[in-house]
Amino acid sequence: MHTIAVIPEFNEERSIGKVVRETRKYVDRVIVSDDGSKDRSGEEAEKNGALVLRHIINMGKGFSMRTGCDKAFLMGADFIVTLDGDGQHAPGDIPKLVGTLRKEKLDIVLGSRYLKTEMPVTKQLGNWLLSSASRIFFGVDVKDTQCGFKAFTRQAYGKIRWDSRNYSVESEIIMRTGKEKLKYKEIPIRTIYQDKFKGTTIIDGARIFFRMLWWRMAK
Amino acid sequence: MITGIQVLGILFALGIIYLSYLFYRKKDFSAADFAVWAFIGLAVLVPVLFSESLMFLVEPLTFYRLFDLLTAGGFIILFAVVFRMYGIARKNERSIDGIVRALALREEKHKSKR
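Now for a description of the structure that goes with this document.

## Focus: the sheet that holds strand 6 (residues 150-153) of chain A
Residue and element names in this part refer to chain A.
So, step 1. Pairing in this open sheet of seven strands is mixed, and the strands run 3-2-1-4-6-5-7 from one edge to the other. Each having just a single partner strand, strand 3 (51-54) and strand 7 (184-188) make up the two edges of the open sheet. Along the sheet, successive strands turn relative to each other by an average axial angle of 20 degrees, direction set aside.
So, step 2. Across five bridges, the pairing between strand 5 (residues 108-112) and strand 7 is parallel. Bridge pairing in strand 7 links L110 to E186.
So, step 3. Helix 1 (residues 16-24) contacts strand 1 (3-9) and strand 2 (29-34) of the sheet and is inclined by roughly 170 degrees relative to strand 1.

What follows is the structure, encoded as structure tokens:
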């Protein structure tokens, strides 16, 4: 079974090398989707053995993830794992995600930072709101809606292939999981918060909520 | 006598005509773009200078004053322009998406061939 990890990243030259090195231990191939970085992160990833796809301009996390996943799909991946390039996810959790996916014959396994880490209070609050919205709007009961660490099958990717360019990609995946009635499970993962100014902001959170509302109405 | 609002209208219309000519000279606009925008400038100028010429529309369209008619007309035109711009922006966005993704995948393909 062919497993490919997709790491979307933007200006992560300090962490990407280590993330790629660690990830390579658990998958057959690592694809780094460099979203128009201004630093040397693409070179760093390449030096550490990743296949690097470069966007000539910054397009957003969702767009970047889709470029990487499309490539993984074309390369014949049976399982696709996505994780962040800033080192907040522990690649050592990959076997747990893929193992659960295979053993329990699921379509998608979502990582949850909720139980195992010191998530900042503002993020916890935002997550609670978005998680309630996911449950009410799409019938998907997950605690951590914004975690970028997940694994899914080739077949599932065909059904969840998203349109979101930005951080709402994680919510769109949840929305599509509910809509397509995919078999899912949320499992706890380790997380290290590197930079509290990176990732989803309050404004992103509000934007995601309104997009979820829109998807619900358009359903 | 020309009123204050007419002066503003004249300046606005002349501004449109001047800027479109400037863009045409800089080759940012084609001759057709210049013609369209100059026509729009003139189309603004005519009712501003000869506002009485539109009085015949006020009553059939159930407006009380000519000013109301011009304001409503302005909003309708503005809405149409925004709608058209939105369509163009979305189309461009989709084109950019396609180009960026195709370039990323093509660059990698070339690299792996080498």
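Having seen the structure, we can now continue with the description.
## Considering unusual backbone geometry
So, step 1. In this structure, K105 of chain A takes a positive phi of about 50 degrees despite not being glycine.
So, step 2. The residue K105 of chain A is located in the loop between helix 4 (94-103) and strand 5 in this model.
So, step 3. Within the chain, T62 of chain B stands out as a residue other than glycine whose phi angle is a positive 55 degrees.
So, step 4. For T62 of chain B, the location among the structural elements is in the loop between helix 3 (55-58) and helix 4 (66-113).

What counts, and where the lines are drawn
- Residues numbered from 1 in each chain as written.
- Chains lettered and ligands numbered in written order.
- Predicted model: local features only at pLDDT ≥ 70, side-chain atom pairs only at ≥ 80, totals over all residues.
- Heavy atoms only, no water.
- Pairing = 2+ DSSP bridges.
- Helix = DSSP H or I, 4+ residues; strand = E, 2+ residues; numbered from the N terminus.
- Axes fitted to C-alpha atoms, helices over the stretch in contact; angles between N-to-C directions.
- Contact = heavy atoms within 4.5 Å.

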